[in-house]
Amino acid sequence: MSSWCSAKPSCALFGVSPSTLSKLKAKFHIMGDVKDRPRSGRPKKTTPQEDRFITLSALSLLQICSQGLQDDMALVSATRALDPVWRNVMFRDESRFCPRQLDHRSKVWRRRGERYADCCSDRIKYFGGGSVMVWGGISLTGKTRLVIIGGNLNAERHRDEILQPVAIPYIHSLGPNSILQDDNARPHRAGFIRDYLQNVGVERMEWPASSPDLNPIEHLWDQLGRAVRARVTNTATLADLRQMLVEEWDAIPQQCVTRLVTSMRRRCQAVVAVYGSSTRY
């Protein structure tokens, strides 16, 4: 009782309980001081790459909730076993959209299993009523801004309006050993484009001709077309279409993009299995 009484003024002076003062006294006798030992803190759960993914997701989708970020992170974690060649690849492509005829679809009679057969598909290159060409790029962890291309795209414009301001900075942001995927269109394969990419240190992936089944961004063009088609009215102008394309492109969730990139192994296997013919992709 005497120790309690003697300690009470000290407890009141320092604003601590008698038990706390007793623990500090015992610690002083054992350690020689009452300072806290250095602590490592809670172990970090994310890698620098995952931190960057979270930042990019939050900046590109300002209204994404914490659960959405967790779902996206879970998807990225599940792709760690992905062939390293696809992790740092930027897939890119151009596509054309029309305000009046966004779809060009026609119905056909077909038997089971013929959905992707050549006899049940057709290529249409007619874009009546004006059109808007766009360019975009995607990777495992993000996508570029959508570039609106006015008029015909040649090699010089491809370098000045797409590669220099958008594609090259994005590829470099992916880190070392990043690769640019592009097809064999003339603006992409011009000699001075090849030299330019070598000068800026960008490696280009060799790409087989006539291989739309292999490029995952083709699915994003289809998704983008459906989203815009739901908004287009009979009075929509080309300016309206440009605005809607940019808005809907920005609204595509990163989780969707990541799934497409992680499908590359299966895409390649499917194309090889049918000797280069059409696949379900």
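Whatever comes next refers back to the structure up there.
The present account deals with the structure reproduced in this document. All of these numbers come straight from a predicted model, not from anything done at the bench.

### Observations concerning helix α10 (residues 238–251)
Here α10 spans 20 Å end to end across 14 residues, near enough to the 20 Å set by a 1.5 Å rise per residue. Among all positions of α10, only L241, M244, L245, E248 and W249 are buried. The arc enclosing the buried residues of α10, seen along the axis, measures out at 130°, which places them on a common side. If you follow the buried residues of α10, they end up packed against β1 (89–97), β2 (132–139), β3 (142–143) and α9 (217–229).

### Here's the deal with helix α2 (residues 18–31)
An α-helical segment advances 3.6 residues per turn. Residues three or four places apart therefore align on the same side. Its 14 residues place the ends of α2 20 Å apart at the C-alpha level, agreeing with the 20 Å of an ideal helix rising 1.5 Å per residue. One or two positions beyond α2, positive phi appears at G32, with a value near 90°.

### Overview of the nonpolar core
In this structure, F91, I138, L220, W221, L245 and W249 are the most contacted members of the largest nonpolar core, which totals 31 residues. Breaking this core down by element, the ones donating at least two residues are β1, β2, α9, α10, α11 (254–262) and α12 (264–273). By residue number, the principal contributor to this core is α9, which donates five residues. In contact with L220, not counting residues within four places along its chain, are I138, W249, I252, C256, V257 and L260. Residues V147, A167, L180 and V202 belong to the second largest nonpolar core, which totals 21 residues.

### Here's the deal with unusual backbone geometry
Even without glycine at this site, N177 takes up a positive phi of about 65°. Here N177 is to be found in the loop between α6 (155–173) and β5 (179–181).

### Here's the deal with the environment of W221
By the secondary structure assignment, W221 is in helix α9. In this structure W221 touches D93, E94, S95, F97, V134, W135, G136, L146 and W249, once residues within four positions along its chain are discounted.

### Side note on the pattern of salt bridges
Tallying each qualifying case throughout the model produces 10 salt bridges. Salt-bridge contacts for E94 lead to R92; the nearest nitrogen and oxygen are separated by 2.4 Å. There is no split in this pair, since E94 and R92 are both buried. Salt-bridge contacts for R204 lead to D182; the nearest nitrogen and oxygen are separated by 3.7 Å.

### Here's the deal with the packing of α6 against helix α8 (residues 191–199)
Packing of α6 against α8 leaves a shortest axis separation of 10 Å and a crossing angle of 20°. With respect to their mutual orientation, α6 and α8 come out roughly parallel. For the pair α6 and α8, the sense of crossing is right-handed. Each of A155, E156, H158, R159, L163, Q164 and I168 in α6 lies in contact with α8, whose residues at this interface are F192, I193, Y196 and L197. Each residue belonging to the contact of α6 with α8 can be placed in one class, and the counts come to seven nonpolar, two polar and two charged.

What counts and how
- Residues numbered from 1 in each chain as written.
- Predicted model: local features only at pLDDT ≥ 70, side-chain atom pairs only at ≥ 80, totals over all residues.
- Heavy atoms only, no water.
- Helix = DSSP H or I, 4+ residues; strand = E, 2+ residues; numbered from the N terminus.
- Expected span 1.5 Å × (residues − 1).
- Buried < 20%, exposed > 50% of the residue type's maximum accessible area, 1.4 Å probe, protein only.
- Arc of directions from axis to C-beta.
- Contact = heavy atoms within 4.5 Å.
- Core = buried A, V, L, I, M, F, W, Y, C linked by side-chain atoms within 4.5 Å.
- Salt bridge = Lys/Arg side-chain N within 4 Å of Asp/Glu carboxyl O.
- Axes fitted to C-alpha atoms, helices over the stretch in contact; angles between N-to-C directions.
- Parallel < 35°, antiparallel > 145°, perpendicular 65-115°, else oblique.
- Left-handed = near helix turned anticlockwise from the far one by under 90°.
- Nonpolar A, V, L, I, M, F, W, Y, C, P; charged D, E, K, R; others polar.

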